[in-house]
Amino acid sequence: MASEVQAFDLLLAVLLLWLAWRALASADLFKAVVQYIVFGLLLALAWIRLGAPDVALAEAAIGAGLAGALLLDTLARIGRAGVRDEARPLRLTRRRAGVALAVVGLAAALVAVLLALPPAMPGLSAEAMAQLERSGVSNPVTATLLNYRAHDTLLEIGVLLLAVLGVWVLDAEPRLDQAEAPAPLHWLVRVLLPLAVVVGGYLLWVGAHAPGGAFQGGALLAAGGVLLHLARPFALGSGWLVRLAAVGGFAVFLLVGLAMLLLGGGFLHFPPGQAGTWILLIETAAMLSIALMLVVLFVGRSRGAG
Amino acid sequence: MNALDALSLLLVGAGAGFFLVGSIGLLRLPDLLSRLHALTKADNLGLGLVVAGLALQAESLRQVLQLGLVWALVLFSGSIACYLLAHAETASTPVEPETRDGE
Amino acid sequence: MAAALWAMAGLVLFSLVVGLLRVERGPGPGDRLIAAQLLGSGAVAILLLLAFATGEAALVDAALVLALLAGVALVVFVRRGGGGEAP
């Protein structure tokens, strides 16, 4: 590897380690949250360097956007924004030193194993690439997520749905007293929300042959929804339409899988000619559901608007 | 290296320079409002020069437009977000002008 | 040319380190967030530079996503009662 590339990677790695430490060790919770957001940004760069642009797209949308928004919102609501956390900074006791040594030992063992691995471990990548034309898409990541391991993705959407159910089970949050948003915020939403919809749809579409996909598109859509809520607060409640939209992604995925079973192939076994279409259908429903679910995670179950 | 590459590198280098100047300003300026000032220089000019330099390397008009869109979005959302912060900051506390005489 | 672009990306990354110091020092929450904002646009610049250094077009898409989300943290902070606590 060229020396400029190595220098870049080294600097990035050092920054990531330092930020990870500071995010955990900072006494001020707000500082820790901001460091976590920045960590997410740099982590997206790291994913790029690791050759995973799909993950980098998701990390940029979730880590830098939604997770940061959620944490800052939570901090503001529990009123701890400026308060120092009593448990931080962690002081070094003998027991903690022992745990730290054990963890460092484990990390050293893992690094040793990693370095001892052969330089190329293709795993199933040869077979995955060989079957790519029959998978319905030409992006191997999408092929793996939506075809070879579609059942994993189905369950992952199910997990997100469970998280939303968990939010709905909790009590409604008290309404925030908020001044009317300044005009520039409305301009921001007026420009960004349509763009988020367009770029989200673009990411969904392009995911078939280039880095992208339903999750990345849905996360971007959700960020647009969060911005809208900040400018003009709305309540999602848990009426039937919202529930339908939240469940829709999982339901469509499951139904398509069962349809494939009934058509004789097997659960989620797509016939090679039609695979692309089924995948697009599933991804569209998934994107809309994911977007709504992420917005629900931010908006919560507020009483009235706010 | 031909003239186009050299010009690209010049622009990109200037952009990176503005990022550096912006972050040094962020570090050394005394208060939030002046730091906001430094931030906007880095955002607008730094990224703008990088985009201009890379646009010269683009292979199609579509790529140039994509680069321009990225810059325009950072400009737009960055400016509004910083305005909102400055507005919130100055709405509640009156800003005392700082003079060299230490007033 | 690619090597020069990598060097530029490294230079921008280095200036982001300086920005990280502001996140560390504060003193106010606004200071930390505008440093995060600088890191966001710096990451956009790095992504664009790497897109041309490595020829991977997807990086421009990633830069677009980051550019769209650039101001979200600041907006959340301001709308949730932040700002106005000048030290």
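From a predicted model like this one, the values you see are computed outputs, not experimental measurements.

K.L.:
Please explain the overall build of chain B as it appears in this structure.
P.N.:
Broken down by element type, chain B carries three helices and zero strands. Counting from the amino terminus, helix and strand elements in chain B follow one another as α-α-α. Counting all 103 residues of chain B, 40% fall into the buried class. Long-range contacts, defined here as pairs at least 24 residues apart, represent 65% of the contacts in chain B between residues at least 6 apart.

K.L.:
Explain the overall build of chain A to me, please; I cannot follow it from the model alone.
P.N.:
Secondary structure assignment for chain A yields 12 helices and zero strands. When the elements of chain A are put in sequence order from the N terminus, they spell out α-α-α-α-α-α-α-α-α-α-α-α. Taking the principal axes of the C-alpha coordinates as reference, chain A spans close to 60 × 55 × 40 Å. The buried share among the 306 residues of chain A stands at 38%.

K.L.:
I keep staring at the interface of chain B and chain A and nothing clicks. Help me out?
P.N.:
Where the parts come together, the accessible area they lose is often given as the size of the interface. With six residues of chain B at the contact, the number on the chain A side is seven residues. For the side of chain B that touches chain A, the per-class residue count stands at four nonpolar, two polar and no charged.

K.L.:
Would you mind going over the interface of chain C and chain B with me for this structure?
P.N.:
Taken together, the contact pairs 39 residues of chain C with 44 residues of chain B. Breaking the side of chain C that touches chain B down by element, the ones donating at least two residues are α1 (2–25), α2 (29–54), α3 (58–68) and α4 (72–79) of chain C. With 13 residues, the top contributor of residues to the side of chain C that touches chain B is α2 of chain C. Looking at the side of chain C that touches chain B residue by residue, the classes come out as 26 nonpolar, 11 polar and two charged.

K.L.:
How do you make sense of α2 of chain C when you look at a structure like this?
P.N.:
In an α-helix, one full turn covers 3.6 residues, which means residues spaced three or four apart are oriented alike. Residue and element names in this part refer to chain C. With 26 residues, α2 extends 37 Å between its outermost C-alpha atoms, agreeing within 8% with the 38 Å of an ideal straight helix rising 1.5 Å per residue. Here α2 lies mainly inside the structure; 25 of its 26 residues are buried. One or two positions beyond α2, positive phi appears at G55, with a value near 75°.

K.L.:
Would you mind showing me how to read the environment of L11 of chain A here?
P.N.:
Topologically, L11 of chain A is positioned in helix α1 (residues 3–25). Beyond its immediate chain neighbours, meaning those up to four positions away, L11 of chain A contacts G10, L13 and F14 of chain C.

K.L.:
Please explain the nonpolar core as it appears in this structure.
P.N.:
When a protein is soluble and globular, its nonpolar side chains tend to lie buried together. In this structure, L48 and L66 of chain C are the most contacted members of the largest nonpolar core, which totals 154 residues. Per-element accounting of this core gives the leading share, 17 residues, to α2 of chain C. Two domains each provide a minimum of three residues to this core, namely domain 1 (1–90) and domain 2 (125–306) of chain A. Not counting chain neighbours up to four residues away, the residues in contact with L48 of chain C comprise V50, V51, L54, L67 and V70 of chain B together with V60 and A63 of chain C.

K.L.:
How should the packing of helix α2 (residues 32–55) of chain B against α2 of chain C be read in this particular structure?
P.N.:
Axes are the key here: two packed helices are described by the angle between their axes and the distance separating the axes. For the pair α2 of chain B and α2 of chain C, the least separation of the axes is 10 Å and the interaxial angle reads 5°. One finds that α2 of chain B runs roughly parallel with respect to α2 of chain C. Where α2 of chain B approaches α2 of chain C, its residues L32, R35, L36, L39, A42, D43, G46, L47, V50, V51 and L54 of chain B are matched on the opposing element by G30, D31, I34, Q37, L38, S41, V44, A45, L48, L49 and F52 of chain C. Each residue belonging to the contact of α2 of chain B with α2 of chain C can be placed in one class, and the counts come to 15 nonpolar, four polar and three charged.

K.L.:
So what exactly am I meant to see when it comes to the domain arrangement of chain A here?
P.N.:
Residue and element names in this part refer to chain A. For chain A, the domain assignment lists domain 1 (1–90) and domain 2 (125–306). The distance between the C-alpha centroids of domain 1 and domain 2 comes to 24 Å. Each side of the interface is counted separately: domain 1 has 12 residues, and domain 2 has 16 residues. Among the residues forming the side of domain 1 that touches domain 2, the class breakdown is eight nonpolar, one polar and three charged.

K.L.:
Can you help me understand the environment of A245 of chain A in this one?
P.N.:
Residues and elements named next belong to chain A. With respect to the helices, strands and loops of the structure, A245 is situated in helix α11 (residues 240–262). For the pair A245 and F30, spaced 215 residues apart in sequence, the C-alpha separation works out to 34 Å. With residues near it in sequence (within four places) discarded, A245 still touches L288, S289 and L292.

K.L.:
Would you mind going over unusual backbone geometry with me for this structure?
P.N.:
Outside of glycine, negative phi angles account for most residues, and trans bonds account for most peptide bonds. All names here are of chain A. Here L268, not a glycine, exhibits a phi torsion of approximately 60°, which is positive. Topologically, L268 is positioned in the loop between α11 and α12 (275–299). Overall, the presence of 23 C-beta atoms within 10 Å leaves L268 in the buried class.

K.L.:
Please explain the environment of V295 of chain A as it appears in this structure.
P.N.:
All names here are of chain A. Mapped onto the fold, V295 is located in helix α12. On the neighbour-count criterion, V295 (25 C-beta atoms within 10 Å) is buried. Measuring from C-alpha to C-alpha, the distance between V295 and A13 comes to 32 Å, with 282 residues separating the pair along the chain. Leaving out residues up to four positions away in the same chain, V295 has contacts with A222, G225 and V226.

K.L.:
What exactly am I supposed to notice about the confidence of the model for chain B here?
P.N.:
Any residue range with low pLDDT should be treated as having predicted coordinates unsuitable for detailed reading. All names here are of chain B. Overall, the predicted model of chain B reaches an average pLDDT of 87, with 87% of residues at or above 70. Of all helices and strands in chain B, the one with the weakest mean pLDDT is α2 (90), whereas helix α1 (residues 3–28) scores best (92). The complex model carries a pTM of 0.90, and its ipTM stands at 0.93.

K.L.:
When you look at α2 of chain B in this model, what are you seeing that I'm missing?
P.N.:
With 24 residues, α2 of chain B extends 33 Å from end C-alpha to end C-alpha; this agrees with the ideal 34 Å at 1.5 Å per step. Counting buried positions along α2 of chain B yields 17 of 24 residues, so the element is predominantly enclosed.

K.L.:
Where do I start with the confidence of the model for chain A in this structure?
P.N.:
The share of residues in chain A with pLDDT of 70 or more is 95%, and the mean pLDDT across the chain is 88. When the elements of chain A are averaged for pLDDT, helix α5 (residues 125–130) of chain A gives the smallest value, 85, and helix α9 (residues 183–206) of chain A the largest, 94.

Procedures and definitions
Per chain, residue numbering runs from 1 following the sequence as it is written. All chains are assigned letters beginning at A, and all ligands numbers beginning at 1, according to the order in which they are written. Totals for whole chains, interfaces and linings use every residue, but because this is a predicted model, local features are given only for residues with pLDDT of at least 70 and side-chain atom pairs only at 80 or more, for both listing and counting. Only runs of H or I of at least four residues qualify as helices and only runs of E of at least two qualify as strands under DSSP, and these elements are numbered from the N terminus. Exposed residues have 12 or fewer other C-beta atoms within 10 Å of their own C-beta, buried residues have 20 or more, and residues in between are partly exposed; the C-beta atoms are placed from the backbone. A residue pair is marked as a contact if its C-beta atoms, positioned from the backbone, fall within 7 Å. The classification used treats Ala, Val, Leu, Ile, Met, Phe, Trp, Tyr, Cys and Pro as nonpolar, Asp, Glu, Lys and Arg as charged, and all other residues, Gly among them, as polar. To estimate the expected span of a helix, subtract one from its residue number and multiply by 1.5 Å. By definition, a nonpolar core groups buried Ala, Val, Leu, Ile, Met, Phe, Trp, Tyr and Cys residues that connect through C-beta atoms lying within 7 Å of each other. Each domain span listed reflects an automatic or database assignment of domains. An axis is simply a line fitted to the C-alpha atoms; with a helix, the fit covers only the stretch in contact. Between two such axes, the angle follows the N-to-C directions and lies from 0 to 180 degrees. Reported orientations rely on four angle classes, namely roughly parallel under 35 degrees, roughly antiparallel over 145, roughly perpendicular from 65 to 115, and oblique for the rest. The predictor attaches a confidence to each residue, and that confidence, scored 0 to 100, is pLDDT.

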